[in-house]
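Letter by letter, the chains look like this.
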Amino acid sequence: MESQITCYLNCSYSGNIESNIHEFANNSFVSDVYIPGSNKCDSEVVALGSEKGFFSTDALKRLSSKLSTPYLLINTSIHSVKLGQNTLKRFLQVAIDTQSSIVYSHFYDDKSTVIQSHPVIDYQEGSLRDDFDFGALLFIRSDFFKEVVADMDESFDHAGLYDLRLRLSRKDRVIAIPEFLYTVVEEDLRQSGEKMFDYVDPRNRTRQIEMEKACTNHLKAINGWLKPNFKSISFKSIDFPVEASVIIPVKNRIRTLKDAIDSVLKQKVSFPFNLIIVDNHSTDGTTELLQSYAKNDNRVIHIIPNRSDLGIGGCWNEAINHPLCGKFSIQLDSDDLYIDETVVEQIVSAFYEQKCAMVVGSYEMVDGNLNPIPPGLIDHKEWTPENGRNNALRINGLGAPRAFYTPVLRSIQVPNVSYGEDYAIGLAISRHYQIGRIYKALYLCRRWEDNSDAALDIEKMNKHNHYKDKIRTLELYARLLYVKRGQPV
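Criteria and cut-off values
- Residues numbered from 1 in each chain as written.
- Predicted model: local features only at pLDDT ≥ 70, side-chain atom pairs only at ≥ 80, totals over all residues.
- Heavy atoms only, no water.
- Salt bridge = Lys/Arg side-chain N within 4 Å of Asp/Glu carboxyl O.
- Helix = DSSP H or I, 4+ residues; strand = E, 2+ residues; numbered from the N terminus.
- Buried < 20%, exposed > 50% of the residue type's maximum accessible area, 1.4 Å probe, protein only.
- Pairing = 2+ DSSP bridges.
- Contact = heavy atoms within 4.5 Å.
- Phe/Tyr/Trp six-rings, centres within 6.5 Å; stacked < 30°, edge-to-face > 60°.
- Lys NZ or Arg CZ within 6 Å of the ring centre and 35° of its normal.
- 1 Å grid on protein atoms, 1.4 Å probe; cavity = no way out; pocket = protein on both sides within 12 Å on 5 of 7 lines; lining within 4 Å.
- Points joined across faces, edges and corners; volume = space filled by probe spheres on them.
- Nonpolar A, V, L, I, M, F, W, Y, C, P; charged D, E, K, R; others polar.
- pLDDT = per-residue confidence, 0-100.
- Axes fitted to C-alpha atoms, helices over the stretch in contact; angles between N-to-C directions.
- Left-handed = near helix turned anticlockwise from the far one by under 90°.

Moving on, we get to the pattern of salt bridges. In this structure the tally under the stated criterion is 22 salt bridges. Measuring nitrogen to oxygen at the nearest pair gives 2.9 Å for the salt bridge that ties Asp-58 to Arg-62. Remark: Arg-62 and Asp-58 occur in helix α2 (residues 57–66); sequence separation between them is four residues, near one turn of the helix. By relative accessible area, which is 23% here, Asp-58 ends up partly exposed. Among the salt bridges present, the one from Arg-141 reaches Asp-143, with a minimum N-O distance of 2.5 Å. For Arg-141, a relative accessible area of 13% translates into the label buried.

Residues of strand β17 (residues 402–405) alternate between two faces, with Arg-402 and Phe-404 on one and Ala-403 and Tyr-405 on the opposite face, all of them buried. Sheet topology note: the strand β13 (residues 328–331)/β17 ladder contains three bridges and is antiparallel. The partner of Ile-330 across the bridge, within β17, is Ala-403. The pairing of strand β15 (residues 358–366) with β17 spans three bridges and is antiparallel. The residue bridging Val-359 from the neighbouring strand is Ala-403, located in β17.

Position of Gln-4 among the secondary structure elements: in the segment before β1 (5–9). Beyond its immediate chain neighbours, meaning those up to four positions away, Gln-4 contacts Phe-29, Thr-69, Pro-70, Tyr-71 and Leu-92.

Bringing the environment of Met-365 into the picture now. Tracing the backbone through its elements, the reader meets Met-365 in strand β15. In this structure the C-alpha to C-alpha distance between Met-365 and Ser-263, which are 102 residues apart in sequence, comes to 16 Å.

Let's shift gears to the side chain of Asn-387. Note on placement: Asn-387 falls in the loop between β16 (372–378) and α12 (388–391). Residue classification places Asn-387 among the buried residues on the basis of a relative accessible area of 11%.

The buried fraction of helix α10 (residues 312–320) amounts to seven of the nine residues, a majority that puts the element mostly inside the structure. All buried positions along α10 are accounted for by Gly-313, Gly-314, Cys-315, Trp-316, Asn-317, Ala-319 and Ile-320. Of the surrounding secondary structure, the elements contacted by the buried residues of α10 are β10 (244–250), β11 (273–279), β13, β17, α13 (406–412) and α14 (421–430).

Scanning the model with the defined rule gives 21 aromatic pairs in all. Geometrically, the ring pair formed by Phe-328 and Tyr-352 is edge-to-face, given 5.6 Å between the ring centres and 80° between the ring planes. With a gap of 24 residues between them, Phe-328 in strand β13 and Tyr-352 in helix α11 (residues 343–354) connect regions that are remote in the sequence. According to the relative accessible area criterion, Tyr-352 is partly exposed, its value standing at 35%. Three or more aromatic residues joined by ring pairs make a cluster, and in this case those are Phe-235, Phe-328, Phe-351, Tyr-352 and Tyr-405. The ring of Trp-225 has Lys-220 sitting right over it, with the charged end atom 4.6 Å from the ring centre. Lying across the ring of Tyr-423, Lys-468 places its NZ or CZ 5.1 Å from the centre.

The next subject is empty space enclosed by the protein. Applying the stated rule across the entire model yields one cavity of 30 Å³ or more. The computed volume of the largest cavity comes to approximately 30 Å³. Every residue lining the largest cavity is listed: Phe-230, Trp-383, Thr-384, Pro-385, Glu-386, Asn-387, Gly-388, Arg-389 and Gln-434. Across the lining of the largest cavity, the residue classes tally to three nonpolar, four polar and two charged.

Once that is clear, we can look at the confidence of the model for the protein. One rule of thumb: low pLDDT means the predicted coordinates there are not for detailed reading. Looking at the protein, pLDDT values average 92 and 92% of them are 70 or higher. Counting contacts from residues 192–200, a segment whose pLDDT is below 50, to residues more than four positions away or on other chains yields 27 contacts.

Below, the discussion takes up the packing of helix α4 (residues 142–150) against helix α5 (residues 160–171). Orientation of α4 relative to α5, taken along the N-to-C sense of each, is 120°, at an axis distance of 10 Å. Here α4 runs over α5; the crossing is right-handed. From α4, Phe-144, Phe-145, Glu-147, Val-148 and Val-149 reach across to α5, where they touch Leu-164, Arg-167, Leu-168 and Lys-171.

As structure tokens, this is what we get:
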């Protein structure tokens, strides 16, 4: 089993490249070590001569032409990687036994003061997001690698590796080994809430365009891509008590709820609207605050559900099925607020102007005191009318605030969970209907210590990501059938 592996190393950060070269080159299972560039930095490594970079199609094609071992190990990390006991032998055993296209594993994070376990989640058909966490090491069958690289007819500077793993996933299974096989010396010590918006940073726009193209090509290859044909929608067939309802699910948000409510009640609109607040059995004074608002303003509808098993999605179902719910249901989280008094009018106008069943706005990131924080405006410009519903399977969220044509939302109902319920609904609606967009900021989104995703540990992050991947998998299955049946409109 010795010398069956070629290693391809990320040398984007030269400070760690030498240690990584020696870690892999000195292993008896490794035959050759390659880096993408042209500068030879060590006698044990061969430079591929590609100036396009580690993640480029050009580098992968050059690597393919030199690959002579049965297996390829790609180290995607710019950080130092330390192999565990029998790491490469274990990768080889699983790869040979399963004949999988990609094998990856759990690992450890060395965060300078503590070493933490970093489990990974299983890959699914819906694991289409380009930031899926494989860890640092991808173990790949060389024959599959050569086949898919030979078929790459589009050259990417940033999305080559993403394109590679999508193509490999079509060849055979992708397997996670539930063992901690190596350690990554972690240098990005930001909390989860600070990292989660990296993909919408405007500086990454070129990269995002490439990722979208690679994902679109994948969906077309598996017959899961939807043409820009949408069901028509009419807003005249059903009578509602008001034109719009702002909906706030809440539990124990006495600290921020008043700001949210006040931002709604000051809205200036040309139609009747109300505010439906679903109080999920609060115990911190939130209930008493809401009772006071409802007593003094008949636009405020205060609901306390009979059920005690509701998440955010279940609270939404209580609101949209209430007899006082309006024609359009507009989202506001209990710790956020509308940016000015024109938001509700803008959203309702967008429904009529864009003839859509759902509208998604844009928002500004702020701290607990409403001071602007990076990355600032989150506008999700990766959504386009022509391809947005396909690209939605790649990204991890659709944006905010979200608003829905109530009859469509009632026909689907919201999953009774407290994470990802909005994303699931957006995917389901976009399968049939156009989603409208407003690219100016409508909303101030607080990033503070009580956010559900502000500082998640790896177990909670994995739970969230597994759920969203499963939602994508279910939606992908539905779309495959939708296309197979002729995509009725």
